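Given next are the chains, with one letter for each unit.
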Amino acid sequence: MRQGRRAFSLLEMLIVVAILGLIATLVFSRLGGTFGESKIKVTQTALANAAVAVERFQMDVGRYPNAEEGLSVLLEKPEDASNWNGPYFSKRVLPRDGWDRERSRGRPRHGR
């Protein structure tokens, strides 16, 4: 007479591993999309904050930052700006995007 089963068969083990793999794939694919969306939202917020800072600079000084100055004039007073009322960022650093890269004034650089 056969006694009760003591172990799982190889087929049963393979089915369990396959099911766990499918569940892990679904979970990680959803999380990966969420993290990517978060980086985009962080970048959009940083750009919106930079736009507000540039507009505040323009209202105080009467001009926009030029290409030579860049966004650094939002943190440090330029020589020709008597009405400068900055720094225009509360953390006193230029915002970074969702991928932790610095943002510069101008068009985005391709290949980065």
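This write-up is about the structure you can find in this document. (Residues numbered from 1 in each chain as written. Predicted model: local features only at pLDDT ≥ 70, side-chain atom pairs only at ≥ 80, totals over all residues. Heavy atoms only, no water.)

### Overview of the nonpolar core
Next up, step 1: In this structure, A50, A53, V54, F57, V61, L71, V73, L74, A81, W84, Y88 and F89 together form the largest nonpolar core, which totals 12 residues.
Next up, step 2: Beyond its immediate chain neighbours, meaning those up to four positions away, A53 contacts L74, Y88 and F89. (Core = buried A, V, L, I, M, F, W, Y, C linked by side-chain atoms within 4.5 Å. Buried < 20%, exposed > 50% of the residue type's maximum accessible area, 1.4 Å probe, protein only. Contact = heavy atoms within 4.5 Å.)

### What about the pattern of salt bridges?
Next up, step 1: In the structure shown here, the tally under the stated rule is two salt bridges.
Next up, step 2: Salt-bridge contacts for R63 lead to E69; the nearest nitrogen and oxygen are separated by 2.8 Å.
Next up, step 3: The buried category is assigned to E69, whose relative accessible area is 19%.
Next up, step 4: Among the salt bridges present, the one from D80 reaches R63, with a minimum N-O distance of 3.1 Å. Taken together, the positions of D80 in the segment after α1 (10–61) and R63 in the segment after α1 put the pair 17 residues apart, joining distant regions of the chain.
Next up, step 5: Exposure remark for D80: the relative accessible area of 55% places this residue in the exposed category. (Salt bridge = Lys/Arg side-chain N within 4 Å of Asp/Glu carboxyl O. Helix = DSSP H or I, 4+ residues; strand = E, 2+ residues; numbered from the N terminus.)

### Overview of the side chain of E69
Next up, step 1: Along the chain, the position of E69 falls in the segment after α1.
Next up, step 2: At 2.8 Å, the side chain of E69 and the side chain of R63 are in polar contact.
Next up, step 3: Leaving out residues up to four positions away in the same chain, E69 has contacts with R63, P78 and D80. (Polar contact = N/O pair within 3.5 Å; in protein donor to acceptor, adjacent residues only side chain to side chain.)

### With respect to the environment of F57
Next up, step 1: By the element assignment, F57 lies in helix α1.
Next up, step 2: Taking the relative accessible area as the measure of exposure, F57 reaches 0% and is therefore buried.
Next up, step 3: Residues F57 and A81, 24 residues apart in the sequence, show an inter-C-alpha distance of 9.7 Å.
Next up, step 4: The residues contacting F57, other than those within four sequence positions of it, are G62, R63, Y64, P65, V73, L74, P78, W84 and Y88.

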